[in-house]
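Read off the chains here:
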Amino acid sequence: GVGFGLGGSVVTDIIAGQQPGSEGTFSWGGLASTFFWMDPEEEIIAIQATQLMPSSTYPMRQQFQQLVYAAIAVRDAILMLTAECGVGKTISAEQAARAVSEENFQRVLKDVRAEAVRLAKVGTITIYRKGKPVDPDTFKGVYRLGLPQG
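Residues numbered from 1 in each chain as written. Predicted model: local features only at pLDDT ≥ 70, side-chain atom pairs only at ≥ 80, totals over all residues. Heavy atoms only, no water.

Caption draft 1: Examining the overall build of the protein chain more closely. A count of helical and extended segments in the protein chain gives four helices and nine strands. Secondary structure of the protein chain in N-to-C order comes out as β-β-α-β-β-β-α-β-α-α-β-β-β. Here the C-alpha radius of gyration of the protein chain, 18 Å, is well above what a compact globule of 150 residues would show, namely 15 Å. Summarising its shape, the C-alpha atoms of the protein chain cover approximately 55 × 30 × 30 Å along the three principal directions. For the protein chain, the proportion of its 150 residues judged to be buried stands at 32%. (Helix = DSSP H or I, 4+ residues; strand = E, 2+ residues; numbered from the N terminus. Rg over C-alpha atoms; globule rule 2.2 N^0.38 Å. Buried < 20%, exposed > 50% of the residue type's maximum accessible area, 1.4 Å probe, protein only.)

As structure tokens, then:
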């Protein structure tokens, strides 16, 4: 469930709370659909500043959290699969997408590409096309993901 105090709410049980996140996540919502949360386990601090009243007009809080945690699942899938295959071997974008959602993997493919570009720009992974590293900003077509060489 969720416990409430003077300064906000704290998730005490993920399953009973029926929301994404980790136990210990602290949050609070304000006027005009504003919202923030901090998840110490995932190292997330998120702030949503909107001007929509009443707050129940549109479920932005839930959608915002779901999108953030979905991005973490994509990152984790890419990192896990590339680590498992090791240096010199690659995975397909479809493999990463299926690791996140077997049933809806096609919807996840664009998220895999976006996260792969972010990870490649910081040097965590390399994007390959036809077996050769490519520029994460300009590559087109079918690609694979792997750990950086050497």
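Caption draft 2: Region of the structure containing helix 3 (residues 93-100). If you check which residues of helix 3 are buried, you get Ala93, Ala96 and Ala97. Projected onto a plane normal to the axis of helix 3, the buried residues spread over an arc of 95° and lie on a single side. Looking at the buried side of helix 3, the elements it contacts are helix 2 (60-85), strand 6 (90-92) and helix 4 (105-121). (Arc of directions from axis to C-beta. Contact = heavy atoms within 4.5 Å.)

Caption draft 3: Focus on the pattern of salt bridges. Taken as a whole, this structure holds seven salt bridges when the rule is applied. Put simply, Glu102 and Arg98 hold a salt bridge, and the shortest N to O gap is 2.4 Å. The exposure class of Arg98 is partly exposed, given its relative accessible area of 29%. Measuring nitrogen to oxygen at the nearest pair gives 3.7 Å for the salt bridge that ties Lys110 to Asp111. Accessibility expressed as a relative area gives 60% for Lys110, which makes it exposed. Within the structure, one salt-bridge network assembled from shared partners comprises Glu42, Arg75 and Asp76. (Salt bridge = Lys/Arg side-chain N within 4 Å of Asp/Glu carboxyl O.)

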